[in-house]
Amino acid sequence: MLGLLGFYDELDRRPGQPNGSVHEAIRDTGEPDEAELVAYLDAGHVLIDVMEGGHDVVTGRAHRRSAGCSSPVTDGTWLWRLDFPHYVETHHVVLPDRFLEHVRGLRYRMPPLVTARFRPLYDETMPVVGWASAVPWPVTTAVVEPEVRDVMSRSEWDATVLAQARNRPHGAWTRPRKPRRG
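Visitor: Even after reading the chapter, I still don't get the sheet that holds strand S4 (residues 78–81), so can you show me in this structure?
Guide: For sheets, the rule is that strands pair by backbone hydrogen bonds, running either parallel or antiparallel. The strand order S1-S4-S3-S2 describes an open sheet built from 4 strands, whose pairing is mixed. Sheet topology places strand S1 (3–5) and strand S2 (45–46) at the edges, where each strand pairs with a single neighbour. Here strand S3 (residues 72–74) runs beside S4; their pairing, made up of 3 bridges, is antiparallel. Its bridge partner lying in S4, Pro72 is registered against Arg81.

Visitor: Could you clarify how one ought to interpret the confidence of the model for the protein in this entry?
Guide: Interpretation of this model should avoid reading the predicted coordinates in detail wherever pLDDT is low. Confidence in the prediction for the protein averages 85 pLDDT; 82% of positions are at 70 or higher. Summarising per-element confidence for the protein, the mean pLDDT is lowest in helix H6 (residues 154–167) (60) and highest in helix H4 (residues 97–105) (97).

Visitor: Is there a simple way to explain H4 in this structure?
Guide: Residues that lie three or four places apart on an α-helix share one face, since the helix turns once every 3.6 residues. Considered for burial, the residues of H4 that qualify are Phe99, Leu100 and Val103. End-on view of H4: buried residues confined to an arc of 100°, all on one side of the axis. Facing away from the buried side of H4 by over 90 degrees, the exposed positions are Asp97, Arg98, Glu101 and Gly105. Taken together, the buried residues of H4 touch S1, helix H2 (34–42) and S4. Two residues or fewer after H4 comes Arg107, characterised by a positive phi angle close to 55°.

Visitor: Would you mind going over the pairing of S4 with me for this structure?
Guide: Along S4, one buried face is formed by Trp78 and Trp80 and the opposite face, lined by Leu79 and Arg81, is buried too. Two strands pair when backbone bridges link them, and S1 and S4 are joined in this way by 3 bridges, in the parallel orientation. What sits directly across from Leu4, in S4, is Leu79. The loop that links S3 with its antiparallel partner S4 comprises 3 residues; one of these, Gly76, has a positive phi angle of about 100°.

Visitor: Would you mind showing me how to read unusual backbone geometry here?
Guide: It is generally the case that most residues other than glycine have a negative phi and that most peptide bonds are trans. Look at the link from Val135 to Pro136: it is a cis peptide, with omega at 0°. With respect to the helices, strands and loops of the structure, Pro136 is situated in the loop between helix H5 (115–125) and strand S6 (143–144). Its identity is not glycine, yet Arg107 carries a phi of approximately 55°, on the positive side. The topology assignment puts Arg107 in the loop between H4 and strand S5 (113–114). For Arg107, a relative accessible area of 68% puts it in the exposed group.

Visitor: Teacher, can you tell me more about the packing of H2 against helix H3 (residues 84–91) here?
Guide: A pair of packed helices can be characterised by two numbers: the angle between their axes and the separation between those axes. The interhelical angle for the contact between H2 and H3, taken along N-to-C directions, is 170°, at an axis separation of 9 Å. Looking at the two axes, H2 sits roughly antiparallel to H3. Contact residues: H2 offers Glu34, Val38, Leu41 and Asp42, while H3 offers Phe84, Pro85, Val88 and Glu89. Partitioned by chemical class, the residues of the contact of H2 with H3 number 5 nonpolar, no polar and 3 charged.

Visitor: Is there a simple way to think about H3 in this case?
Guide: By the criterion of burial, H3 is predominantly enclosed, with 7 of the 8 residues buried. Restricting attention to buried positions, one finds in H3 the residues Phe84, Pro85, His86, Tyr87, Val88, Glu89 and His91. Trailing H3 by a residue or two, His92 shows a phi angle of about 50°, which is positive.

Visitor: What should I look at first to understand the layout of surface pockets in this one?
Guide: Empty pockets left among the atoms are what a rolling probe the size of a water molecule brings to light. In this model, the largest pocket occupies a volume close to 430 Å³. Residue lining of the largest pocket: 20 residues in total, with Leu11, Asp12, Glu52, Ser70 and Arg81 positioned closest to the centre.

Parameters at a glance
Residues numbered from 1 in each chain as written. Predicted model: local features only at pLDDT ≥ 70, side-chain atom pairs only at ≥ 80, totals over all residues. Heavy atoms only, no water. Pairing = 2+ DSSP bridges. Helix = DSSP H or I, 4+ residues; strand = E, 2+ residues; numbered from the N terminus. pLDDT = per-residue confidence, 0-100. Buried < 20%, exposed > 50% of the residue type's maximum accessible area, 1.4 Å probe, protein only. Arc of directions from axis to C-beta. Contact = heavy atoms within 4.5 Å. Axes fitted to C-alpha atoms, helices over the stretch in contact; angles between N-to-C directions. Parallel < 35°, antiparallel > 145°, perpendicular 65-115°, else oblique. Nonpolar A, V, L, I, M, F, W, Y, C, P; charged D, E, K, R; others polar. 1 Å grid on protein atoms, 1.4 Å probe; cavity = no way out; pocket = protein on both sides within 12 Å on 5 of 7 lines; lining within 4 Å. Points joined across faces, edges and corners; volume = space filled by probe spheres on them.

Structure (structure tokens):
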């Protein structure tokens, strides 16, 4: 079975998620190489694109991974949600030692998925995280190379949110309407 990251109770309607509560995973500081770990997680293979919007379950705010947040992502050994990098960089959630050793051993480079090795792991793991309808894995190519994707950095996201706040001040946008005639 694939290792599971970021499948927290607060992110799913079903209780008893594999990684427990996100509130218990939050730390004051992250790993010294947290930026590289977040970049690695951002580069994962998206298995299913989910069209939805979400928010940070700790702060209640939108974040750079709000769109498609529950899309499952993998490196062939571990499985996480698309929004998991947000929780790593923002709330410094605890990462398993095995995951840290794995990523550091790969020098933070996303490996290709070898279908013959990955398919049974996928088929076994997806029902555990609520994706039984996605089994069996439909990919037939022998190797799936990582796709280069544009991922907005946290600083880019923060700048965008700040610019929107400046451009859309609170209050009325229009002049008051004239009263209607009876």
